[in-house]
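Each chain is listed here by its residues.
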Amino acid sequence: MGKQSVRLALLVMGLLPIAPAQEIGGAVSPHIPAAQSVRASRSPAGYSLSASTAPLYKLEKLRAEESRVSPRIGPRQTGVRREIPRNALPTGSGQMVPGGRRVWRIALHSPGAAGIRAHFTGFSLPPSASVWIYPAAPGERANARIAGPYTGAGPQPDGQFWSALVRSDTVLVEYDGPAGAEITDPPFRMDAIAHFWKLPTAITVTNGAASCELDVSCYSSYASAATASVTYDFIGSDGGVYDCSGAMINDKNSDFTPYLLTAHHCVGTSAEAASVEAYFFYQTSTCNGTPPDINTVPVVMGASYLAGAGIEQGDYALLRLDHDAPDGVTFLGWNANDPAFGSSLASIQHPEGSWTRIAFGTRVADANFFVGNDEGPASLYYQVEWSQGI
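Residues numbered from 1 in each chain as written. Predicted model: local features only at pLDDT ≥ 70, side-chain atom pairs only at ≥ 80, totals over all residues. Heavy atoms only, no water.

1. Describing the overall build of the protein chain
Across its full length, the protein chain holds three helices and 27 strands. Counting over 390 residues, the protein chain shows a buried share of 53%. The contacts of the protein chain with a sequence gap of at least 6 include a subset with a gap of at least 24, amounting to 76%. Surface exposure of the protein chain reaches about 16,400 Å², of which carbon and sulfur atoms provide 52%. (Helix = DSSP H or I, 4+ residues; strand = E, 2+ residues; numbered from the N terminus. Buried < 20%, exposed > 50% of the residue type's maximum accessible area, 1.4 Å probe, protein only. Contact = heavy atoms within 4.5 Å. Areas by Shrake-Rupley, 256 points an atom, 1.4 Å probe, with all protein chains shown as cover.)

Here is the structure:
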């Protein structure tokens, strides 16, 4: 691919000096919190029950206006939010399981979905109760990531949150109530789902990145920096579902606070940040090797929106993830000084939601530019002429 000029804010897409030694304040996370487990430590109580015994709520086929790609500029749209009308869900079924517990289950089906995330409100579970979400079809469970268990008020203190992504067009939502308790109505409501028509690239899916993209694992001097790159999906305030890239950055105290720097054209509100599902270490282990199955990489759910600004003010968003980063993640250092014109730079990112890639270029003269109707001032962006990888 020929040379291209692209405007980028420092670090938003992992923009680095060509010599990694110029980094300031970088550090590697030394711990793995329990929240990073990609597979539940136990299975749902009703996992062995037949899915056919659970009432089915079937959404209509996507309408043309739902399927239409959103006009949001920048992130790749991977799906759409679909509302569930109040009182539309059928009454779930209660079944006894070994140990004297009773589980309540309901199946949600969205035709044509590659994956589903469920939105909960009013979530307030009694002690020892939990909620799980998993594929309804037993044949889809072998390599599936189970969402849950969710307990108490769930991940957010207000009892409102998006579940993790479950890769199926039909999912079972299971409420495991206290032992001996009769379940009539569960202590929560589901008011929407996120219908994914595209998923982050898996080993069985055609790679969405361009053929000129360079595998970061082929450049050993960037091995540490590459672990800072995160791909994530989120539910937009406009009703679209999107994926984007970001980078973990260090603070002056080097205390591993999980700050994620990304673009405001991706995440621009607290609600969007709360829906973030961040994937770590989605990269090959060898140069041009086979990427991992994304079901197996560590995931962090949820974030807080700390600061940000739109295109006219730098197009940045600083998030704090709700849980710590996994062991071995690099927190990038930062430098308030501008790289000199003519400096060689590298960008590490996840193009089209694919595994980690790298591009190389040179800083050239800055200039104002437009994204839609928004003008980006030259004083807030670097203009980079890419020579490799884009």
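That covers the picture; the talk isn't over yet.
2. Points about the confidence of the model for the protein chain
Per-residue pLDDT for the protein chain averages 85, and the proportion of residues at 70 or more is 86%. Within the model, the stretch residues 19-24 combines pLDDT values under 50 with 10 contacts to residues more than four positions away or in other chains. Low pLDDT (under 50) marks residues 202-206, which in the prediction has six contacts with non-local residues, meaning those over four places away or in another chain. (pLDDT = per-residue confidence, 0-100.)

3. Digging into the side chain of Ser163
With respect to the helices and strands, Ser163 occurs in the loop between strand S11 (161-162) and strand S12 (170-176). Take Ser163: its relative accessible area is 0%, and that puts it in the buried class. Beyond its immediate sequence surroundings of up to four residues, Ser163 is in contact with Arg117, Ala118, Phe120, Ile133, Tyr150 and Met301.

4. Focus: the packing of aromatic side chains
Within this structure, the stated rule accounts for 15 aromatic pairs. With centroids separated by 5.1 Å and ring planes inclined at 20 degrees, the aromatic side chains of Phe120 and Phe161 adopt a geometry described as stacked. With Phe120 in strand S8 (residues 115-121) and Phe161 in strand S11, this residue pair connects regions lying 41 residues apart in the sequence. What makes Phe120 buried here is its relative accessible area of 0%. (Phe/Tyr/Trp six-rings, centres within 6.5 Å; stacked < 30°, edge-to-face > 60°.)

5. Overview of the pairing of S8
Extensive coverage of S8 is indicated by the burial of seven of its seven residues. Going residue by residue along S8, you find Gly115, Arg117, His119 and Thr121 tucked away on one face and Ile116, Ala118 and Phe120 tucked away on the opposite face as well. With seven bridges joining them, S8 and strand S13 (residues 189-196) adopt antiparallel strand pairing. Its bridge partner being in S13, Arg117 is matched across the sheet by Ala194. (Pairing = 2+ DSSP bridges.)

6. Points about the environment of Asp233
Among the secondary structure elements, Asp233 is positioned in strand S15 (residues 229-235). For the pair Asp233 and Gly353, spaced 120 residues apart in sequence, the C-alpha to C-alpha distance is 8.7 Å. In this view, Asp233 contacts Arg117, Phe196, Tyr242, Asp243, Ser275, Val276, Glu277 and Tyr279; residues no more than four positions away in its chain are not counted. Within polar-contact distance, the side chain of Asp233 engages the side chain of Arg117 at 2.7 Å. (Polar contact = N/O pair within 3.5 Å; in protein donor to acceptor, adjacent residues only side chain to side chain.)

7. Brief notes about the side chain of His109
Tracing the sequence through the fold places His109 in strand S7 (residues 101-109). At 2.7 Å, the side chain of His109 and the side chain of Thr170 are in polar contact. With residues up to four places along the chain from it excluded, the contact list for His109 reads Leu56, Tyr57, Lys58, Leu59, Asp169 and Thr170.

8. Observations regarding the nonpolar core
Nonpolar side chains in soluble globular proteins tend to end up buried together. Judged by nonpolar contacts, the single largest core of 27 residues is most densely connected at Phe120, Val131 and Phe188. Where this core is concerned, the elements lending two or more residues are S7, S8, strand S9 (130-135), strand S10 (147-150), S12 and S13. Excluding anything up to four places from it in sequence, Phe120 contacts Val131, Ile133, Gly159, Gln160, Phe161, Ser163, Val173, Phe188, Arg189 and Met190. In terms of nonpolar packing, the next biggest core, distinct from the first, is built from 23 residues, Val230, Tyr232, Tyr242 and Ala317 among them. (Core = buried A, V, L, I, M, F, W, Y, C linked by side-chain atoms within 4.5 Å.)

9. Looking at the pairing of strand S17 (residues 259-262)
On S17, burial covers both faces: Tyr259 and Leu261 on one face and Leu260 and Thr262 on the other are all buried. Bridge count between strand S16 (residues 240-249) and S17: three bridges; the pairing is antiparallel. The residue bridging Ile249 from the neighbouring strand is Tyr259, located in S17. For S17 and strand S21 (residues 316-321), the ladder comprises four bridges, and the chain directions are antiparallel. From the neighbouring strand, Leu260 faces S21, where its bridge partner is Leu319.

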